[in-house]
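Residues per chain, in single letters:
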Amino acid sequence: MKCDEIFAALDLLEKERGISPTFMMDKIIQALTTAYKKDHEGVENVVVDVDEVKKDLKMFVQKEIVEEVENPGTQMSAAEARARYGRVDVGGTVNIPVDNVEFGRIAAGNGKQVIIQGLREAERGMVYNEFNSKQHEILTGVVSRIDPRTGNISLRIGTGAESTEALLAASEQIKTEELVEGQHVKVYLVEVRRSTRGPQVLISRTHPGLVKRLFELEVPEIFNGVVQVKSIAREAGSRTKMAVWSADEAVDPIGACVGPAGQRVGNIVTELRGEKIDIIKYSEDPAEFIAAALAPADVVDVWIADEGKGCRVIVPDDQLSLAIGKEGQNARLAARLTGYKIDIKPQSYKEPEPEAGPEPEEE
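The rules we used
Residues numbered from 1 in each chain as written. Predicted model: local features only at pLDDT ≥ 70, side-chain atom pairs only at ≥ 80, totals over all residues. Heavy atoms only, no water. Axes fitted to C-alpha atoms, helices over the stretch in contact; angles between N-to-C directions. Helix = DSSP H or I, 4+ residues; strand = E, 2+ residues; numbered from the N terminus. Left-handed = near helix turned anticlockwise from the far one by under 90°. Contact = heavy atoms within 4.5 Å. Core = buried A, V, L, I, M, F, W, Y, C linked by side-chain atoms within 4.5 Å. Buried < 20%, exposed > 50% of the residue type's maximum accessible area, 1.4 Å probe, protein only. Phe/Tyr/Trp six-rings, centres within 6.5 Å; stacked < 30°, edge-to-face > 60°. Lys NZ or Arg CZ within 6 Å of the ring centre and 35° of its normal. Polar contact = N/O pair within 3.5 Å; in protein donor to acceptor, adjacent residues only side chain to side chain. Salt bridge = Lys/Arg side-chain N within 4 Å of Asp/Glu carboxyl O. Arc of directions from axis to C-beta. Pairing = 2+ DSSP bridges.

A.B. asks: Please give an account of the packing of helix 9 (residues 286–293) against helix 11 (residues 329–338) that cites residues and values.
C.D. replies: When two helices pack together, you describe them by how their axes are tilted relative to each other and by the distance separating the axes. Axis separation between helix 9 and helix 11 bottoms out at 9 Å; the angle between their running directions is 145°. The way helix 9 lies across helix 11 gives a crossing that is right-handed. Contact residues: helix 9 offers F289, I290 and A293, while helix 11 offers A334, L337 and T338.

A.B. asks: Pulling in residues and values, what's your account of the nonpolar core?
C.D. replies: Within the largest apolar cluster, 20 residues are counted, with the highest numbers of intra-cluster contacts made by I290, L294, C311, V313, L337, I342 and I344. Elements with a contribution of two residues or more to this core: helix 9, strand 14 (310–315), helix 11 and strand 15 (341–346). The contact partners of L337, leaving out residues within four places of it in the chain, are S231, I232, A233, K241, M242, A243, I280, F289 and A293.

A.B. asks: Tell me what's going on with the packing of aromatic side chains, and back it up with residues and numbers.
C.D. replies: Summed over the entire model, instances satisfying the criterion amount to 1 aromatic pair. Relative to F289, the ring of Y282 lies with its centre 4.9 Å away and its plane at 70°, an arrangement referred to as edge-to-face. Over the ring of W245 we find K230, and its NZ or CZ is 5.0 Å from the ring centre.

A.B. asks: Could you give an account of the side chain of S246, with specific residues and numbers?
C.D. replies: Summarising the element assignment, S246 is placed in strand 11 (residues 239–246). Given the relative accessible area of 12%, S246 is considered buried. Separated by 2.9 Å, the side chain of S246 and the backbone oxygen of V226 make a polar contact. In terms of polar contacts, S246 uses its side chain to reach the backbone amide nitrogen of D248, at 3.2 Å. Excluding its chain neighbours within four sequence positions, the residues that come into contact with S246 are V226, V227, V251 and P253.

A.B. asks: Any details on the pattern of salt bridges? Residues and values, ideally.
C.D. replies: Evaluation of the coordinates by the stated rule reveals 16 salt bridges. Among the ionic pairs, R336 bridges to E235, the shortest N-O distance being 3.5 Å. Remark: E235 occurs in strand 10 (residues 227–235) and R336 occurs in helix 11; sequence separation between them is 101 residues. Look at R336 and you get partly exposed, because its relative accessible area is 45%.

A.B. asks: How would you explain the environment of A8 if you had to name every residue and give the values?
C.D. replies: Along the chain, A8 falls in helix 1 (residues 4–17). Taking the C-alpha atoms as reference, A8 lies 9.1 Å from K55; in sequence the two are 47 residues apart.

A.B. asks: An account of helix 8 (residues 263–271) is needed here, citing residue identities and associated values.
C.D. replies: For helix 8, the complete set of buried residues consists of R264, V265, I268 and E271. On an axial view of helix 8, the arc spanned by its buried residues comes to 115°, and they lie on one face. Contacts from the buried residues of helix 8 go to strand 8 (184–193), helix 5 (208–218), helix 6 (220–223), helix 7 (253–258) and strand 12 (276–281). At the exit of helix 8 stands R273, carrying a positive phi of roughly 60°.

A.B. asks: Would you mind going over the sheet that holds strand 13 (residues 301–304) in detail, with residue names and values included?
C.D. replies: Paired through backbone hydrogen bonds, the strands of a sheet run either parallel or antiparallel to each other. In space, the 3 strands of this open sheet follow the order 13-14-15, with mixed pairing throughout. Single-partner strands in this sheet number two, and they are strand 13 and strand 15. Adjacent strand axes in the sheet meet at a mean angle of 20°, parallel and antiparallel pairs treated alike. Both strand 14 and strand 15 contribute to a ladder of 6 bridges, which runs parallel. Bridge assignment links C311 to a residue of strand 15, and that residue is I342. Along the sheet, helix 9 makes contact with strand 13, strand 14 and strand 15, crossing strand 13 at roughly 130°.

The structure is reproduced here in structure tokens:
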């Protein structure tokens, strides 16, 4: 049966949407065979032959040749097969053409619907593949809608057929930041999930990975690997601590991140709406790393526990509050950055004397 319109539609989809004609044809064949089986109870093996050169489709019902028919939907007697096709062997198969009129009715009833469904599925697959390859990267989206009830924000990410709506949940937003419809905003792509409604793109403005990627964009030394970001601890909208290191002794990793006149780090602070960023030099010596992580406070001494990830840090008396930070933030971020539980004490601190036990009674 000539199917010029179907082939023309598939060619158009490939040119305009980049959807493979093979993918769509497979969907069409699947729908046609399912529809035929639904109309003909007992039929199991249905074959659709595609001739791309002649733009032609033919449908066959495949039956096994047997001496005695038990299931007319799947079997044909040897006597009938010989009468129709000449010499045949028992145990072989024959392809019985489906009448063009009936096949045309099935194609007309299912072709358009299948193309629409296949188109939707293909586009979802393309969107998934497009964004799945960008996991843990920075994307720029446009605020399209703000839900006043939940505070969730919808962003349009991408362009054309491969664009999609992504949800920036209230929990993934910087609390000190107020976004408005139409605003362009950078987000971190956390994960892409498949769902019945299409791919779900999970994005964040609070993820530490956003800070790392922003530095990769601003600092060539990080992008090319000369400077490495060892760890990041972040309280979004307030403060971030980032540990950096370089194997090249000629490179100052902190200076590279700060940039001339603080321009590089300044651009990132601006993007994060004033979030403070402490850049710390990483060290493989835990005591040295912990001392650096408590900046801007000075550290007198660090005692590492013999077991576990604990330590005690001694700071000048007048810097105790600076080391701890407002509401404990400085110490909390330093602990997360280094992976150590940090106990901060002033220099004047003295271990309490152990209480004397009761004197032994005289006999």
